[in-house]
Amino acid sequence: MTKTSRYAGIGGHHSNRPQTVEWLTPPSIIAALGPFDLDPCAPVDQPYPTAARTFTRRENGLLQRWEGRVRLNPPYTNGEIEKWLGRMGEHGCGSALIFARTETEAFFRHVWERASALLFMRGRINFHLPDGRRADGNAGAPTVLCAYGMHDADVLAACEIDGQFVPLRFPRSVLVAVLADATWMEIVREAVASAGADGPVRVADIWDVVRTDPKAAGKEHARAKVRQVLQRGAGMSIGRDQWIPA
Ligand SMILES: C[S@@+](CC[C@H](N)C(=O)[O-])C[C@H]1O[C@@H](n2cnc3c(N)ncnc32)[C@H](O)[C@@H]1O
């Protein structure tokens, strides 16, 4: 078997006997979402950095203490992903890159139940090889970025990675602040009015208005609050940059 054909079988992620677990995150994704404090499952010989600190199989990242903003692209061996995602859900701060196997028990338990927001990536990515080269074959399946915590949700919402952003939840503290603060509803209502459209209104356009409003200036979690007000007002989910009125 040639080296090329070995790696061309990246769909082996989905087989019961994957040939390697060394499928590295493309540097462009790390650049778009970073910097990160920790990669708990990194190759022993890293061709490029993924986080300020790394654990490899030598230290066994599952047995170590996780601190700070974590980035996770876990080993795809059967039975392993669940452990890593469980740990990510408990940690609650960072982003995971995984296959969008949305129907699985692991996805339900550790992503749908725990993540703050998702970004379903357009097309299929090409992972990188242990020597740093881009693999010839694509991942063979759709990938999703999963944000844990509001900071990572905001990073996903604002990043340049092409795909569909799906907010899942907002911290109770933000909801309480929104509900207690009538000015947020007022600000958003003014912004929608000044967008002046009868049809769909882009959240990005509303945000452009809101961020110049002196009442919104310097407010923590302003983006999250705006999205929450829109979501509450519309009674429906909104995407990254589009709000379609009911
Ligand atoms: C899919 S690769 C991802 C590598 C890297 N996190 C990235 O995103 O580029 C999974 C990595 O986990 C490493 N690994 C496997 N078991 C591990 C363990 N128990 N502790 C730490 N790393 C482990 C593998 O050597 C491999 O480099």
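Look up a bit, the structure's there.
Predicted model only: the values in this text are computed from it and were never measured.

A. Main features of the packing of helix H3 (residues 80–91) against helix H4 (residues 105–112). At their nearest, the axes of H3 and H4 sit 9 Å apart, and the two run at 15° to each other. When the interaxial angle is binned, H3 and H4 end up roughly parallel. For the crossing formed where H3 meets H4, the hand is left-handed. Across the interface between the two elements, Glu 82, Leu 85 and Gly 86 from H3 touch Ala 106, Arg 109, His 110 and Val 111 from H4. By residue class, the composition of the contact of H3 with H4 is 3 nonpolar, 2 polar and 2 charged.

B. Molecular detail of the packing of aromatic side chains. Under the criterion given, the structure shown has 5 aromatic pairs. Ring centres of Phe 99 and Phe 127 lie 6.3 Å apart, and the angle between their planes is 75°; this geometry places the pair in the edge-to-face category. Taken as a pair, Phe 99 in strand S4 (residues 94–99) and Phe 127 in the loop between strand S5 (117–121) and strand S6 (143–148) lie far apart in primary sequence, 28 residues in all. Members of the aromatic cluster, each reached through a chain of ring pairs, are Tyr 76, Phe 99 and Phe 127. Positioned above the aromatic ring of Phe 36, the side-chain terminus of Arg 69 is 4.0 Å from the ring centre.

C. Geometry of H3. With 12 residues, H3 extends 17 Å from end C-alpha to end C-alpha; this agrees with the ideal 16 Å at 1.5 Å per step. Turning to H3, its buried residues number three or more, namely Ile 81, Trp 84, Leu 85, Gly 86, Arg 87, Met 88 and Gly 89. Buried residues along H3 sit in contact with strand S3 (70–72), S4, H4 and S6. Trailing H3 by a residue or two, Gly 92 shows a phi angle of about 75°, which is positive.

D. Representation of the site of the ligand in the model. As a structural note, the neighbourhood of the ligand is formed by 21 residues, with Glu 22, Thr 25, Cys 41, Asn 60 and Gly 61 the closest of them. The separation between a nitrogen atom of the ligand and a polar main-chain atom of Cys 41 is 2.6 Å. Compared with its free state, where it exposes 590 Å², the ligand has 95% of that area covered by protein. Tallied by class, the residues present in the shell around the ligand amount to 12 nonpolar, 5 polar and 4 charged.

E. Geometry of the environment of Tyr 48. Tracing the backbone through its elements, the reader meets Tyr 48 in the loop between strand S1 (38–39) and strand S2 (53–54). C-alpha separation for the pair Tyr 48 and Gly 132, spaced 84 residues apart in sequence, amounts to 7.1 Å. In terms of polar contacts, Tyr 48 uses its side chain to reach the backbone carbonyl oxygen of Thr 25, at 2.6 Å.

Cut-off values and rules
- Residues numbered from 1 in each chain as written.
- Predicted model: local features only at pLDDT ≥ 70, side-chain atom pairs only at ≥ 80, totals over all residues.
- Heavy atoms only, no water.
- Axes fitted to C-alpha atoms, helices over the stretch in contact; angles between N-to-C directions.
- Helix = DSSP H or I, 4+ residues; strand = E, 2+ residues; numbered from the N terminus.
- Parallel < 35°, antiparallel > 145°, perpendicular 65-115°, else oblique.
- Left-handed = near helix turned anticlockwise from the far one by under 90°.
- Contact = heavy atoms within 4.5 Å.
- Nonpolar A, V, L, I, M, F, W, Y, C, P; charged D, E, K, R; others polar.
- Phe/Tyr/Trp six-rings, centres within 6.5 Å; stacked < 30°, edge-to-face > 60°.
- Lys NZ or Arg CZ within 6 Å of the ring centre and 35° of its normal.
- Expected span 1.5 Å × (residues − 1).
- Buried < 20%, exposed > 50% of the residue type's maximum accessible area, 1.4 Å probe, protein only.
- Near = heavy atom within 4 Å.
- Polar contact = N/O pair within 3.5 Å; in protein donor to acceptor, adjacent residues only side chain to side chain.
- Areas by Shrake-Rupley, 256 points an atom, 1.4 Å probe, with all protein chains shown as cover.

Bear in mind that shape data such as this cannot, by itself, settle questions of function.
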